[in-house]
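Report on the structure
One-letter residues, chain by chain:
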Amino acid sequence: MKHTVTVFRGDGIGPELVDNVLKILEAAKAPLEYEIYNVGEDEWKRNGALIPDEAYASFERTKVLLKSPITTPVGKGFRSLNVTLRGKYDLYANIRPVKSNDAVKTPFKNVDIVIFRENTEGLYVGKEEQIDENTVHAIKIVTKKASERIIRDAFEYAKKNGRKKVTCVHKANILKMSDGMFLAIFREVAKDYPEIEADDKIIDNTCMQLVMNPNQFDVMVMQNLYGDILSDLCSGLIGGLGLVPSSNIGSDYAMFEAVHGSAPDIAGKHLANPTAFLWSACMMLEYLGENETASRIRKAVDEVLAEGKHLTRDLHGEASTEEYVDAVIARL
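What comes next is a walk through the structure.

About the cut-offs
Residue positions are given per chain, counting from 1 as you read along its sequence in written order. Local features in this predicted model are restricted to residues whose pLDDT is 70 or higher, and side-chain atom pairs enter the listing and the counts only when it is 80 or higher, whereas totals over whole chains, interfaces and linings include all residues. As a rule here, side-chain values cover all heavy atoms of the structure and leave hydrogens and water aside. Strands here are runs of E lasting at least two residues and helices are runs of H or I lasting at least four, both read from the DSSP assignment and numbered beginning at the N terminus. Note that the radius of gyration is over C-alpha atoms, with the globule rule given as 2.2 Å times the number of residues to the power 0.38. The criterion used for residue contact is that any of the two residues' heavy atoms lie within 4.5 Å. Residue exposure ignores everything except the shown protein chains as possible cover, and the areas themselves are Shrake-Rupley values with a 1.4 Å probe. Positive charge is attributed to Lys and Arg, negative charge to Asp and Glu, and no charge count is given to His or to the chain ends. Here the site of a charge means NZ on Lys, CZ on Arg, CG on Asp, or CD on Glu. Strand pairing follows a simple DSSP-based rule, namely that at least 2 bridges must link the two strands. Interaxial angles span 0 to 180 degrees and are taken between N-to-C directions of axes, which are lines fitted to C-alpha atoms, for helices over the stretch in contact. For classification purposes, angles smaller than 35 degrees are called roughly parallel, those larger than 145 roughly antiparallel, those between 65 and 115 roughly perpendicular, and all remaining angles oblique. Both cavities and pockets are sets of points on a 1 Å grid over the protein atoms alone; in a cavity a 1.4 Å probe fits but cannot get out, in a pocket the set is open with protein on both sides within 12 Å along at least five of seven lines, and lining residues sit with an atom within 4 Å of a point. Grid points are joined across faces, edges and corners, and a volume is the space filled by probe spheres set on the points.

**Looking at the overall build of the chain**
Each helix and strand counted, the chain has 11 helices and 12 strands in total. A compact globule built from 332 residues would reach a C-alpha radius of gyration of about 20 Å, and the chain, at 20 Å, matches this within 12%. Contacts in the chain between residues at least 24 apart in sequence constitute 72% of all its contacts with a sequence separation of at least 6. Per element, the accessible surface of the chain, about 15200 Å² overall, is 50% carbon and sulfur. Measuring between centres, the 41 positive side-chain charges of the chain sit 3 Å from its 49 negative side-chain charges.

Below you can see the structure in the form of structure tokens.
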């Protein structure tokens with residue numbers, strides 16, 4: 001049986017990532033059919049909508065979205081499309097695995113961290129109020145429901161995947177009500193998982209600890225803005241954003257995307273590294289129960305990275321996007 005999924009082509013390097021990753025999925029004989037749509041700034045310039053109604057309708061039918069990077073136009077009146085999609089479809093759990101690859105040399109070895117980022121609340125939702133001409137208030141929203149479900153998801157993931165520890169990242173020493181509530185819920189949920197070590201760290205200390213000894217961390221759970229910042233920091237530990245995939249999971253819908261942006265400066269130059277987007281597609285396959293296909297793709301990518309002959313420039317190689325993709329397909 002084939003799974004029908006929605007695909008957003010996005011902006012910048014987005015379309016070329018989609019084209020190349022779909023080639024790899026086809027080579028792997030992934031049982032997928034696609035409903036593909038143009039979205040983002042270019043689509044807005046063409047037709048006056050960042051996301052066409054038919055693209056929304058497709059996602060609501062398939063309930064699974066593979067989304068390439070999207071550019072949100074800069075200026076008033078445009079809300080981040082990522083924030084819009086996460087809120088509209090209650091994609092509350094942003095899961096970002098960050099894992100070292102021996103082929104990519106960094107000062108850190110054996111990093112293996114999974115970040116659980118609450119996706120619908122906190123400061124990152126962008127609720128702001130102009131108090132007067134000299135004052136703006138940004139509103140941070142924290143609820144028990146949203147906090148408890150992301151924290152429980154982190155512990156459930158740890159339990160199912162043989163992970164040993166879950167760390168809550170917060171600023172409860174200063175934000176005693178909002179972060180204090182998140183931390184209190186974490187400690188309460190942790191009681192249901194006595195076999196898993198539960199600890200917590202203040203966000204600024206966490207940043208320092210990550211660049212001193214990232215191996216002390218396993219699964220990490222946090223609010224929205226902290227997750228956005230720490231996942232980029234962690235990507236630097238393993239060689240950059242081009243290696244970090246993500247999933248955005250809700251009760252009814254799921255969206256899969258690379259962590260990096262649309263990189264318009266290299267669009268069309270055949271320089272883009274499709275690994276993060278490809279690994280996001282593998283997370284999608286696993287979500288759909290196609291674990292064997294995902295495993296074969298991951299193995300092919302690992303072999304190409306280990307061989308070191310077809311690496312893109314961000315990985316200190318000279319290969320074009322297409323040369324890298326062809327090498328992965330040859331391994332498959």
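**Some details on the sheet that holds strand β11 (residues 245-249)**
Hydrogen bonding along the main chain pairs the strands of a sheet, whether they run parallel or antiparallel. Strand order in this open sheet of 10 strands is β2-β1-β3-β12-β11-β4-β5-β10-β8-β9, and the pairing throughout is mixed. Pairing within the sheet leaves two strands with one partner each, and these edge strands are β2 (32-37) and β9 (197-202). Averaged over neighbouring strand pairs, the angle between their axes works out to 25 degrees when direction is ignored. With three bridges joining them, strand β3 (residues 64-67) and strand β12 (residues 254-258) adopt parallel strand pairing. The residue of β12 that forms the bridge with leucine 65 is methionine 255. Helix α9 (residues 275-287) contacts β1 (3-8), β2, β3, β4 (93-99), β11 and β12 of the sheet and is inclined by roughly 160 degrees relative to β12.

**Comments concerning the packing of helix α7 (residues 203-212) against helix α8 (residues 224-238)**
Two elements in contact, α7 and α8, have axes whose closest approach is 10 Å; the angle formed by their N-to-C orientations is 10 degrees. Compared by their axis directions, α7 and α8 come out roughly parallel. Residue-level contacts link Ile203, Thr206, Cys207, Leu210 and Val211 of α7 to Tyr226, Leu230, Leu233, Cys234 and Leu237 of α8.

**Points about the layout of surface pockets**
When its volume is computed, the largest pocket comes out at roughly 880 Å³. What lines the largest pocket is a set of 29 residues, among which Pro97, Tyr157, Met283, Glu286 and Arg298 lie closest to the centre. Within the residue set of the lining of the largest pocket, elements represented by two or more residues are β4, β5 (112-118), α5 (144-160), β11, α9 and α10 (291-307). In terms of residue count, β4 provides more of the lining of the largest pocket than any other element does, five residues in total.

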